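A closer look at the structure
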Amino acid sequence: MDLEKKGNILNICCIGAGYVGGPTMAVIAKNCKNVKVTVVDVSRERIDAWNDINLQNLPIFEPQLKEIISSCRGKNLFFSTEVSKAISNADIIFICVNTPTKERGLGAGKASNLKWIELCAKQIANFSVGHTLVVEKSTVPVKTAQVLKTILNCNNNNLNNSKKSFSILSNPEFLSEGNAIEDLENPDRILIGGEDENSINLLSSIYENWVDKSKIIKTNLWSSELSKLTANAFLAQRISSINSISALCEKTGADIEQVVEAVGSDKRIGNSFLKPGPGFGGSCFKKDILNLVYLCEFFGLEEVAEYWNSVLKINEWQQDRISKILIEKLFNTLSGKKIAILGFAFKANTNDIRESPAINICNQLINEGAFLKIHDPKVKKEQIEKELKLNNIKENESIDDRNLIDFHNWNIYKSVFDCINGSDCILILTEWEEYKNIEWNDFIECENNTWIFDARLLLDKKKFENSKFNYWKLGS
Ligand code: UDX
Ligand code: UDX
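Below, the structure is looked at part by part. (Residues numbered from 1 in each chain as written. Chains lettered and ligands numbered in written order. Predicted model: local features only at pLDDT ≥ 70, side-chain atom pairs only at ≥ 80, totals over all residues.)

1. Thoughts on the site of ligand 2
Quick reminder of the rule: To decide whether a residue is near a molecule or strand, its C-beta atom is placed from the backbone and checked for lying within 6 Å of it. Each helix corresponds to a stretch of at least 4 residues labelled H or I by DSSP, and each strand to a stretch of at least 2 residues labelled E; elements are numbered beginning at the N terminus. Throughout, the ten residues Ala, Val, Leu, Ile, Met, Phe, Trp, Tyr, Cys and Pro are labelled nonpolar, Asp, Glu, Lys and Arg are labelled charged, and all others, Gly among them, are labelled polar. In this entry, domain limits derive from an automatic or database-based domain assignment.
As a matter of local geometry, ligand 2 sits amid 19 residues, with Glu177, Lys275, Phe280, Gly282 and Cys284 nearest to it. Sort the elements by how many residues they give to the shell around ligand 2 and helix α9 (residues 221–252) lands first, with three residues. Split into classes, the residues belonging to the shell around ligand 2 amount to ten nonpolar, five polar and four charged. Two domains share the shell around ligand 2, each providing at least three of its residues, namely domain 1 (11–219) and domain 2 (221–476).

Written as structure tokens, this is what we have:
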């Protein structure tokens, strides 16, 4: 792209057709009809799913997403595996690949693994033509832009004899799953960090098609990268704070919902992100805080690292606490007991189970010998299988044994009724709307005094006053 000659961006390429790349590009395509958006991914399966003719098998579920894909796909929105072609046609490239926590080596368990980002940078260096804006959309540790810059410049070997140059921008996503389209259409702010004003303004001009200019914040690269980590850390911190108080409520006779109302009505505090629950999940919070902790340790800020790490500790403790309460109420033995698990996704309105508190809690219950009857309206059995299988491996066990054991330890149910009926206790882990309207009197196969553990504060206590169920609500 020649910045001097061309003021408008015509071709956008997005690398990574995941939870972030897919919806973000769909909304850009919807609002910028003169822009051609191509989303590429190394996974043929993912791209095929995005191209599914009937729109029945889109790889992710988000309210309103299907409608946008249906109206833009094939017009100015394309999904493809031809990475090099999309890169060479692009004026601007969004990097939306995953950045998981490192599993080994320096910073293992905390730092982000940037191998996919690195790979993207190499591909961009090889295949881009002319001047290209490279936008970090994936959440990355502070100073990743520096890594990108170094790789782009080192690998710039002019394969097609064109003079190449790059501008790097940080433009973090703040979308929350299940609300992604709404967050993208009406964002609180758009954050663009960069080094040269021209490039920042060009990226801004895309968003200005539907976002008010006053909501577009322009900063330097590092402020933008750090703001993203800080925003997620603050959100997670509020959840750990309220969850820690939920435990105190249970001990003292205070009621967490009343406390939330009283505390949240102070304008300075506000009432969002104060919902107690089984702990935060999702692909971002834990990973981003671990990143922050690693950064602090790297710069010798031990106390700051410890402060943020405590947010994670409380989150794990809350999950353990819920399992322990359930086990205690069931007379310290789960062996042979059937436990209905309502909800496996990390929150409602998504099929995502990454870091879902249900994973830890279910594994703990399985380890105690329980049989889990799992229901979730959106999560598939194969997803759960990956998470519950590993924890069941005992030494010297063959794969066959393992499958047998898994089969005996849990199963998934399509109907809420079948899931609950005949269970020895019920645990609500995701706040799906449909669980609010369950007719509890219908479960004739549940015995008297069957416990319902409501870890999402979803049900009304009064409903159970004269019922055969015992009702436990988190934080009261
Ligand atoms: C990811 C990160 O997890 C998040 O922190 C960040 O903010 C945005 O990127 P997400 O979109 O949810 O979020 O990841 P995921 O759904 O796993 O999608 C990433 C996609 O990138 C996958 O489909 C993967 O196949 C693709 N990919 C990965 C490539 O196309 N090329 C690569 O080199 C690596
Ligand atoms: C989050 C951020 O909100 C978003 O800005 C960022 O870009 C990606 O990470 P997401 O992970 O999709 O989004 O979900 P979010 O709605 O923030 O919830 C995260 C977790 O916190 C969920 O497990 C949810 O159940 C839990 N949560 C949230 C609470 O327990 N209580 C609350 O009050 C809010």
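2. Digging into the packing of helix α1 (residues 21–31) against helix α3 (residues 65–72)
Heads up, the rule is: Comment: axis = line fitted to C-alpha atoms, over the contacting stretch for helices; angle = value between 0 and 180 degrees taken between N-to-C directions. Oblique is the label for any angle not under 35 degrees, not over 145, and not in the 65 to 115 range, which are roughly parallel, roughly antiparallel and roughly perpendicular in turn. The sense of a crossing depends on the near helix, which, turned anticlockwise from the far helix by less than a right angle, makes the crossing left-handed and, turned clockwise, makes it right-handed. The contact criterion used here is simple: two residues whose C-beta atoms, placed from the backbone, lie within 7 Å are in contact.
Two numbers describe how α1 lies on α3: the axes approach to 10 Å, and their chain directions differ by 50°. In terms of their interaxial angle, α1 and α3 are classed as oblique. For the crossing formed where α1 meets α3, the hand is left-handed. Touching Pro23, Ala26, Val27, Ala29 and Lys30 of α1 are Leu65, Ile68, Ile69 and Cys72, all from α3. Considering only residue class, the contact of α1 with α3 consists of eight nonpolar, no polar and one charged.

3. Observations regarding the nonpolar core
Going by this rule: To define a nonpolar core, we join buried Ala, Val, Leu, Ile, Met, Phe, Trp, Tyr and Cys residues through C-beta atoms within 7 Å and take the resulting set. Partly exposed residues are those whose C-beta has more than 12 but fewer than 20 other C-beta atoms within 10 Å; 20 or more makes a residue buried and 12 or fewer makes it exposed, with C-beta atoms placed from the backbone.
In terms of nonpolar packing, the biggest core is built from 61 residues, with Ile93, Ile95 and Val134 touching the most fellow members. Tallying contributions element by element places helix α5 (residues 115–127) first for this core, with six residues. Counting residues in each nonpolar core, the second largest holds 42 residues, with Ile361, Cys362, Cys425 and Phe443 among its members.

4. Looking at the sheet that holds strand β2 (residues 36–40)
Strand pairing in a sheet relies on backbone hydrogen bonds, with the paired strands running either antiparallel or parallel. Here is the rule: By definition, two strands form a pair when at least two bridges between them are found by DSSP.
With respect to topology, eight strands assemble into an open sheet ordered β3-β2-β1-β4-β5-β6-β7-β8, the strand pairing being mixed. Two strands bound the open sheet, and with one partner strand each, they are β3 (77–80) and β8 (216–219). The average angle at which neighbouring strand axes cross in this sheet is 25°, direction not considered. With five bridges connecting them, strand β1 (residues 11–15) and β2 associate as parallel partners. Following the sheet pairing, cysteine 13 is matched in β2 by threonine 38.

5. Quick notes on the site of ligand 1
Looking at ligand 1, there are 23 residues lining it, with Gly16, Gly18, Tyr19, Val20 and Thr139 nearest. The element that contributes the greatest number of residues to the shell around ligand 1 is α5, accounting for three residues.

6. Some words on α9
Note that an α-helix has 3.6 residues per turn; residues three or four places apart therefore point the same way. Filter applied, for reference: Between the first and last residue of a helix there are one fewer steps than residues, each counted as 1.5 Å, and that sum is the expected span.
The terminal C-alpha atoms of α9 lie 47 Å apart, and with 32 residues this matches the ideal 46 Å at 1.5 Å per residue to within 8%. Positive backbone phi, approximately 95°, marks glycine 253, located one or two places after α9.

7. Here's the deal with helix α6 (residues 144–154)
Put simply, the rule is: The directions considered for the arc are those from the helix axis to the C-beta atoms.
Listing the buried residues of α6 in full gives Thr144, Ala145, Leu148 and Leu152. Considered in projection along α6, the buried side chains sweep an arc of 100° and stay on one side of the axis. Along α6, the residues that are exposed and aim more than 90 degrees away from the buried face are Thr150 and Cys154.

8. Brief notes about the sheet that holds strand β14 (residues 469–473)
Here we have six strands laid out as an open sheet, ordered β11-β10-β9-β12-β13-β14, and parallel in their pairing. Each having just a single partner strand, β11 (410–412) and β14 make up the two edges of the open sheet. Going from strand to strand, the sheet's axes swing by 20° on average, the running direction of each strand aside. Bridge count for strand β9 (residues 338–342) against strand β12 (residues 425–428) is four bridges, and the pairing is parallel. Residue pairing across strands places isoleucine 341 opposite leucine 427, the latter belonging to β12.

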